[in-house]
Amino acid sequence: MDEAVVELTQYAESLVRSRREEPRNDILSTLVETRDEDDGRLSDQELINLIILLIFAGIDTTRNQLALAVESFSRQPDQWEKLAADPDRYAVKAVEEVLRVNPISRWTTREAAETFQHKERRIEKGTTVHLFTLSSGTDPAEFDNPDRIDLDADRSPHFAFGGGLHHCLGHFVARTDMNVALSAMAARMTDLRVGEGAEWLPDSGNTGARKLPITFDPRS
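What this report covers is the structure whose coordinates are included nearby. In this text the structure is predicted, and so the values were computed from the model without any measurement. (Residues numbered from 1 in each chain as written. Predicted model: local features only at pLDDT ≥ 70, side-chain atom pairs only at ≥ 80, totals over all residues. Heavy atoms only, no water.)

Once that is clear, we can look at the overall build of the protein. Each helix and strand in the protein was counted, giving 7 helices and 8 strands. Projected onto its principal axes, the C-alpha coordinates of the protein cover approximately 55 × 50 × 35 Å. Out of the 220 residues belonging to the protein, those deemed buried represent 36%. Taking the 26 positively charged and 39 negatively charged side chains of the protein as two groups, their mean positions are separated by 4 Å. (Helix = DSSP H or I, 4+ residues; strand = E, 2+ residues; numbered from the N terminus. Buried < 20%, exposed > 50% of the residue type's maximum accessible area, 1.4 Å probe, protein only. Lys, Arg positive; Asp, Glu negative; His and termini not counted. Charge placed at Lys NZ, Arg CZ, Asp CG, Glu CD.)

As structure tokens, this is what we get:
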């Protein structure tokens, strides 16, 4: 484990060096540029630790979200085939739709910074508030056929990554990973089915699959 941590740290250091020498249009370049232009509040070591945290942060969450995506698409083979036929057009929308209808984060938790009134309920300052992303993403008052993936629909934004000051910084990584993964799977797998014996984590703040057996036919 110690050797792996050293190797990961060296990898993060190499990323920082490469972005300083040749900036790109990506989050790492933005982090490095911001660090170098600020007043020194973020040290090089803190920058490296932040990059390592970004790498770790997308492992369990993205894996579980992909399992939820597969389960959702298995119930809508027409949308899976649409993705397979034109991933350049539909991959981004596929990611957003599965985040909307079946998000790993069922809710986000906030604390009221001040007392306010929401409809008939008074929320006192300091109250812990659970904001249900799954409910908001499948609200029939906002979405047509809210529980179904529709890769051609023009949907309102979802809140699977939270919002405001605490919007998940790692969403860039998660969205990119899922885009690549779903495109690759759709290109290789058809007649996607979830088999017997699927086991799911509790439907809590973060959920996902303990075990997800799938069957499929390879594309010719």
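What follows deals with the environment of Ala85. Assignment of secondary structure puts Ala85 in helix H4 (residues 77–85). Separated by 40 residues in the primary sequence, Ala85 and Lys125 have C-alpha atoms spaced 51 Å apart.

A word on the environment of Ile51. Tracing the chain through its elements places Ile51 in helix H3 (residues 44–74). For the pair Ile51 and Thr9, spaced 42 residues apart in sequence, the C-alpha separation works out to 9.1 Å. Apart from residues no more than four positions distant in its own chain, Ile51 is found in contact with Ala12, Leu15, Val16 and Leu28. (Contact = heavy atoms within 4.5 Å.)

Turning our eyes to something else, we now look at the side chain of Arg106. Looking at where Arg106 falls in the secondary structure, it is placed in the loop between helix H5 (87–101) and strand S1 (107–111). Residue classification places Arg106 among the buried residues on the basis of a relative accessible area of 12%. With residues near it in sequence (within four places) discarded, Arg106 still touches Leu131, Phe132, Thr133, Leu134, Asp203, Ser204, Gly205 and Thr207.

Counting 23 residues, the largest nonpolar core has Phe73, Trp80, Leu83 and Leu182 as the members making the most contacts within it. Taken together, the elements giving at least two residues each to this core come down to H3, H4, H5, helix H7 (171–188) and strand S5 (189–194). Of all the elements, H5 adds the most residues to this core, at 7 residues. Look past the residues within four positions of Leu182 in its chain and what remains in contact with it is Leu66, Ala69, Trp80, Leu83, Ala94 and Val95. If you look at the next biggest cluster of nonpolar residues, it comprises 13 residues, including Leu31, Leu47, Ile48 and Ile52. (Core = buried A, V, L, I, M, F, W, Y, C linked by side-chain atoms within 4.5 Å.)

With that out of the way, let us pick up helix H2 (residues 27–37). Given 3.6 residues per turn, any residue in an α-helix points the same way as the ones three and four places further on. Among the residues of H2, those classed as buried are Ile27, Leu28, Ser29, Leu31, Val32 and Arg35. Considering only its buried residues, H2 is in contact with helix H1 (2–21), H3 and H7.

Counting across every chain of the model gives 2 aromatic pairs. Arranged with centres 5.6 Å apart and planes meeting at 55 degrees, the rings of Trp107 and Phe132 form a pair that is tilted. Residue Trp107 is located in strand S1, and its partner Phe132 is located in strand S4 (residues 128–132); the two are separated by 25 residues in the primary sequence. The ring of Phe143 is capped by Arg100, whose NZ or CZ atom sits 4.9 Å from the centre of that ring. (Phe/Tyr/Trp six-rings, centres within 6.5 Å; stacked < 30°, edge-to-face > 60°. Lys NZ or Arg CZ within 6 Å of the ring centre and 35° of its normal.)

Before going further, it helps to examine the environment of Met178. Relative to the elements of secondary structure, Met178 occurs in helix H7. Taking the C-alpha atoms as reference points, Met178 and Val92, separated by 86 residues in sequence, lie 8.9 Å from one another. With sequence-adjacent residues up to four places away left out, Met178 is seen in contact with Thr62, Gln65, Leu66, Val95 and Val98.

Turning our attention to H4. Taken together, the buried positions of H4 are occupied by Gln79, Trp80 and Leu83. Buried residues along H4 cover an arc of 105 degrees about the axis, so they all sit on one side. Seen from the open side of H4, the exposed residues pointing more than 90 degrees away from its buried face are Pro77 and Ala85. Along its buried surface, H4 packs onto H3, H5, H7 and S5. (Arc of directions from axis to C-beta.)

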